[in-house]
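Descriptive analysis of the structure
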Amino acid sequence: MYKHDIGNWFGAGAAEKQDFSRLLDKSAAILKRFAEGAEPKVTALFDVAAREDDLEAIRKEAQEIRQNFRNIVVLGTGGSSLSGQALAAIKGNNNAAEINLCFADNIDPHSFSAMLAGIDIERSFFLTISKSGDTLETIAQFLICFDYVAKAVGREKAARHFLIITMPKESSMAALGEQYGIRQLAHETEIGGRFSIFTNVGLLPGAIIGLDIRGLRKGAVRIIRDISRNPAESEVAKGMAVNLAMMAQGFCNSVYMHYLDRLRGFVNWHRQIWAESLGKNGNGTTPIRAAGTLDQHSQLQLYLGGPKDKFFTFLFLGKPENGNPAINPELINRQELEYLKGKSLGEIMLAEQRATLETLVRHGAPVRSFALDNLQEETMGALFMHFMLETIGVGIALGINPFDQPAVEESKVIARKLLGEK
Ligand code: PA5
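This text gives an overview of the structure that appears in the document. (Residues numbered from 1 in each chain as written. Predicted model: local features only at pLDDT ≥ 70, side-chain atom pairs only at ≥ 80, totals over all residues. Heavy atoms only, no water.)

1. Focus on the site of the ligand
Taken together, 13 residues surround the ligand, and among them Ser80, Ser130, Ser132, Thr135 and Gln272 come closest. Contacts to the ligand include arginine 194, whose backbone N or O atom sits 3.0 Å from an oxygen atom. Summarising the interface, the protein chains cover 89% of the accessible area of the ligand, which totals 390 Å² for the free molecule. When residues of the shell around the ligand are traced back to their parent elements, those giving at least two are helix 5 (79–90) and helix 13 (264–278). Across the shell around the ligand, the residue classes break down as no nonpolar, 10 polar and 3 charged. (Near = heavy atom within 4 Å. Polar contact = N/O pair within 3.5 Å; in protein donor to acceptor, adjacent residues only side chain to side chain. Areas by Shrake-Rupley, 256 points an atom, 1.4 Å probe, with all protein chains shown as cover. Helix = DSSP H or I, 4+ residues; strand = E, 2+ residues; numbered from the N terminus. Nonpolar A, V, L, I, M, F, W, Y, C, P; charged D, E, K, R; others polar.)

Put into structure tokens, the structure is as follows:
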């Protein structure tokens, strides 16, 4: 599925640098506890990934939406949106369902109005996701969209354009849904918003655009099996140890350099789970998203010549996919361009990625890499589970709670007060 190479930095001589093997043992011990069911929130993640009984219902829901609507707008923010976005992105433009799935994850008045103005409301569906049911932005988005739809199709008919995913408990969103007769699906109570990719939060948008949702979960289960069978040898343990070593050595920035546009959503998703889970009590590293080859012409100079405070994770395809465009040799009759004759964009991308990685290594930067076999659902499911466990595991190793986000609550309270909440 993928090859995780932790490079030279953590290879020979790493033990002297930062007692790497001790960190590996510590990571494996944490993963062993996960596998034994000692961490209830991780067990909930494992249980949902292993479920098969709910897949048919998710698929049916998706099919019904697809049959009746052309534009699907997902309302919600943070973990309630980024999972769906990450899954939708791996399809690229190859949307077999021929529907327009978009994620309204902000409340910028200009882009929100433009989004509404740009869709045929009669053929639009609003999937509203909020675990807590109390997020100000999502409530505002929902109320504006409901009003917009009700004005277009009438209040009675508006409800069929909406579906709400929220926890089955008292909340503003649940109450609004009830008031306006909107169907509601339960958000898993035990699974936090940012870790909800294998629940209906991620899988329903995924199924709407035709992803194999069983395959996604199957990939996740493979990672769970790996850590259950042999935590010390697992890639997650290596990943945890690498990150812990980097933090201990004072590397405060973690650059995720992806050489696949279809991983843009994945890296945004990871950036959130990492930052929100680990940025506590002075801990954490700042996740930075960089796209290859694009950012070689933007950030690379800084990465090579700037402060030595960055740790790099490369994500790319191990070998180019079939059918990618190639340069017609007949167009080339200049000596200095001979080397490009017949080369595909995939080959050029791979060479650029290898060259950048090698240059970083030569400059003494710590680099690890994930060479993916493909971007199929099983591979991606494994990758999502790998990075969730890496994040949660690092949090536990640092002695912090990776499941909450207390600091952001403060600004939510102030925002509501500024708007007049008593
Ligand atoms: O991961 C998290 O917990 C957060 O990013 C939430 O997803 C985000 O704040 C939205 O919360 P909710 O789903 O309750 O509306």
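2. Comments concerning the sheet that holds strand 6 (residues 183–186)
The sheet built from 5 strands is open, its strands ordered 3-2-4-5-6 with parallel pairing. The sheet terminates laterally at strand 3 (100–104) and strand 6, the two strands that pair on one side only. Strand-to-strand twist across the sheet, computed as the mean angle between neighbouring axes with direction ignored, equals 20 degrees. Across 4 bridges, the pairing between strand 4 (residues 124–129) and strand 5 (residues 162–166) is parallel. Residue phenylalanine 126 lies in a different strand from strand 5, and its bridge partner there is phenylalanine 162. Contacts from helix 5 reach strand 3 and strand 4 within the one sheet, and its direction differs from that of strand 3 by about 145 degrees. (Pairing = 2+ DSSP bridges. Axes fitted to C-alpha atoms, helices over the stretch in contact; angles between N-to-C directions. Contact = heavy atoms within 4.5 Å.)

3. Let's talk about the packing of helix 5 against helix 13
Look at helix 5 against helix 13: their axes get within 7 Å of each other, and the N-to-C directions meet at 155 degrees. As far as their axial angle goes, helix 13 and helix 5 are roughly antiparallel. Like other packed secondary-structure pairs, helix 5 and helix 13 cross with a definite hand, here left-handed. Mapping the contact onto sequence places Gly79, Leu82, Ser83, Gln85, Ala86 and Ala89 in helix 5 and Gly265, Phe266, Asn268, Trp269 and Gln272 in helix 13. Its residues assigned to classes, the contact of helix 5 with helix 13 comprises 5 nonpolar, 6 polar and no charged. (Parallel < 35°, antiparallel > 145°, perpendicular 65-115°, else oblique. Left-handed = near helix turned anticlockwise from the far one by under 90°.)

4. Details of the packing of aromatic side chains
Each aromatic ring pair is characterised by the separation of its centres together with the angle its planes make. Evaluation of the coordinates by the stated rule reveals 16 aromatic pairs. On the numbers, 5.6 Å between centres and 35 degrees between planes, the contact of phenylalanine 266 with tryptophan 269 is tilted. Here tryptophan 269 and phenylalanine 266 lie together in helix 13, a separation of 3 residues that amounts to about one turn. The class for phenylalanine 266 is buried, based on a relative accessible area of 0%. Given the relative accessible area of 0%, tryptophan 269 is considered buried. In this structure an aromatic cluster arises from ring pairing among Tyr2, Tyr256, Phe266, Trp269, Phe370, Phe384 and Phe387. Above the plane of the ring of phenylalanine 403 lies lysine 41, whose end atom (NZ or CZ) is 6.0 Å from the centre. (Phe/Tyr/Trp six-rings, centres within 6.5 Å; stacked < 30°, edge-to-face > 60°. Buried < 20%, exposed > 50% of the residue type's maximum accessible area, 1.4 Å probe, protein only. Lys NZ or Arg CZ within 6 Å of the ring centre and 35° of its normal.)

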